[in-house]
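If you want the building blocks of each chain, they are given just below.
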Amino acid sequence: INPPVQVEEFGAEPKQDYFLVATRLEPHKRVDLAIQAANELAVPLKVMGNGTDRQRLERLAGPTVEFVGRVSDTERKRLFGSATAFLNPQEEDFGITTVEALASGTPVIAYGKGGAAEIIEDGVHGLLFATQDLEDLVGAIRAFDPAKFKPATLQRRAQLFSEDAFRVQLDAFVGEAYQQFKADANRR
């Protein structure tokens, strides 16, 4: 059962010309890949978040990369909703920010392992790249066509991870566990 995401708080906005990364700035989050890809392709990238790796990442960043740091909830929702695409170069157990991007009607370009592979159907909700390296991420960004992704389709996908969906899944799990417990008790 995946954790609940407050998807109802997010909404689509008119798209602007930038990619978005939103995460803690730590080496294992692989924000360096997103920055290197933005540098190579000369595409605008906004980096939301702070962490111990920020200074190194700022030194790596070219002129199209902007660090916005921690932002208000209102600004966070605006950044998610108006991004061309959300970049998720790291492997996560789940990926709350990936779901928040979908809830905002924003497609996701993600490393196709872990939670992203469960959340994103390649070509439907975004693009998955196979190898966690610069070449594959650059290839995915080049192949990305924002016109292929409909905000309503993305938002419907996010609903699968909503608080309501979580409650239904949890209730079903507990109910099944209780029935199994009763069956096991009756066999004793």
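Quick summary incoming for the structure in this document.

Basis of the calculations
- Residue numbering note: each chain is counted from 1, following its sequence as written.
- Only residues with pLDDT of at least 70 get local features here, since the model is predicted, and only at 80 or more are side-chain atom pairs given and counted; chain-wide, interface and lining totals rely on the full set of residues.
- As a rule here, side-chain values come from all non-hydrogen atoms in the structure, and water together with hydrogens is ignored.
- Each helix is a run of DSSP H or I of at least 4 residues and each strand a run of E of at least 2, with the numbering of both proceeding from the N terminus.
- With a 1.4 Å probe rolled over the protein chains alone, any residue whose accessible area is under 20% of its type maximum counts as buried; one over 50% counts as exposed, and the rest are partly exposed.
- Contacts were defined at the residue level, with two residues in contact if any of their heavy atoms lie within 4.5 Å.
- Here, Shrake-Rupley sampling with a 1.4 Å probe gives the accessible areas, and only protein chains in the shown set may cover a residue.
- Asp and Glu count as negative and Lys and Arg as positive, but His and the ends of the chain are not part of the count.
- Just so you know, the charge point we use is NZ for Lys, CZ for Arg, CG for Asp and CD for Glu.
- Within this analysis, the arc is defined by the directions that extend from the helix axis to the C-beta atoms.
- We call two strands paired when DSSP finds no fewer than two bridges between them.
- Between the N-to-C directions of two axes lies an angle of 0 to 180 degrees, each axis being a line fitted to C-alpha atoms and, for a helix, fitted only over the stretch in contact.
- A pair of Phe, Tyr and Trp rings is counted when the ring centres sit within 6.5 Å of each other, with Trp represented by its six-membered ring. The angle between the planes then sorts it: under 30 degrees is stacked, over 60 is edge-to-face, the rest tilted.
- Two thresholds decide whether a charge sits over a ring: the Lys NZ or Arg CZ must be within 6 Å of the ring centre and within 35 degrees of the ring normal.
- In this scheme, patches are assembled from residues that exceed 30% relative accessible area and form no salt bridge. Like charges are connected within 9 Å, while nonpolar side chains (Val, Leu, Ile, Met, Phe, Trp, Tyr) are connected within 5 Å.
- Any Lys or Arg side-chain nitrogen found within 4 Å of a carboxyl oxygen on Asp or Glu counts as a salt bridge.

**Focus: the overall build of the protein chain**
Then step 1. For the protein chain, the count of helices and strands is eight helices and six strands.
Then step 2. Scanning the protein chain from its N terminus toward the C terminus, one meets helices and strands in the order β-α-β-α-β-α-β-α-β-α-β-α-α-α.
Then step 3. The burial tally for the protein chain puts 43% of its 188 residues in the buried class.
Then step 4. Contacts in the protein chain between residues at least 24 apart in sequence constitute 63% of all its contacts with a sequence separation of at least 6.
Then step 5. Total accessible area on the protein chain is roughly 9,700 Å²; 50% of this is exposed by carbon and sulfur atoms.
Then step 6. A distance of 2 Å separates the average location of the 22 positive side-chain charges in the protein chain from that of its 28 negative side-chain charges.

**Things to note about helix α7 (residues 151-159)**
Then step 1. Within the sequence span of α7, burial applies to L154, R157 and A158. Projected down its long axis, α7 carries its buried residues within an arc of 100°, all on one side.
Then step 2. Of the surrounding secondary structure, the elements contacted by the buried residues of α7 are α4 (96-103) and α5 (115-119).

**Examining the sheet that holds strand β2 (residues 45-48)**
Then step 1. Strands sit in the order β3-β2-β1-β4-β5-β6 across an open sheet of six strands; the sheet is parallel. The sheet terminates laterally at β3 (65-69) and β6 (126-129), the two strands that pair on one side only. Sheet twist, expressed as the average angle between the axes of neighbouring strands with direction ignored, equals 20°.
Then step 2. Two strands pair when backbone bridges link them, and strand β1 (residues 19-22) and β2 are joined in this way by four bridges, in the parallel orientation. Within β2, the position partnered with V21 by the bridge is V47.

**Observations concerning the packing of aromatic side chains**
Then step 1. Going through the model one piece at a time under the given rule, you end up with six aromatic pairs.
Then step 2. Summarising the aromatic geometry, the rings of F10 and F80 are spaced 5.7 Å apart at their centres and angled 85° between planes, so their arrangement reads as edge-to-face. On the criterion of sequence distance, the pair formed by F10 in the segment before β1 and F80 in helix α3 (residues 73-82) is long-range, its members being 70 residues apart. Neither F10 nor F80 differs from the other in exposure class; each is buried.
Then step 3. Above the ring of Y18, the side-chain terminus of K46 is found at 5.1 Å from the ring centroid.

**Topic: the environment of R142**
Then step 1. Within the element layout of this structure, R142 appears in helix α6 (residues 134-143).
Then step 2. The sequence separation of R142 and V68 amounts to 74 residues, and the corresponding C-alpha distance is 24 Å.
Then step 3. Beyond its immediate stretch of four places on either side in the chain, R142 contacts E40 and L41.

**Let's talk about unusual backbone geometry**
Glycine aside, a negative phi is what most residues show, and trans is what most peptide bonds show.
Then step 1. Backbone geometry places R30, a non-glycine residue, at a positive phi of 60°.
Then step 2. Looking at the secondary structure, you find R30 in the loop between β1 and α1 (31-41).
Then step 3. Classification of R30 as partly exposed rests on a relative accessible area of 22%.
Then step 4. With a phi close to 55°, A42 is a non-glycine residue in the positive phi region.
Then step 5. Here A42 is to be found in the loop between α1 and β2.

**Observations regarding a nonpolar patch on the surface**
Then step 1. A surface patch of nonpolar side chains, amounting to about 270 Å² of accessible area, comprises L170, F173 and V174.
Then step 2. Within the secondary structure, V174 is located in helix α8 (residues 163-187).
Then step 3. Residue class for V174 comes out partly exposed when judged on its relative accessible area of 47%.

**Considerations on the side chain of E26**
Then step 1. Examined against the element boundaries, E26 turns out to sit in the loop between β1 and α1.
Then step 2. In this structure E26 is buried but unpaired, with R24 as the nearest side chain of opposite charge at 5.0 Å.
Then step 3. Ignoring sequence-local partners within four residues, the contact set of E26 consists of G51, T52 and D53.

Structural measurements only, silent on function.
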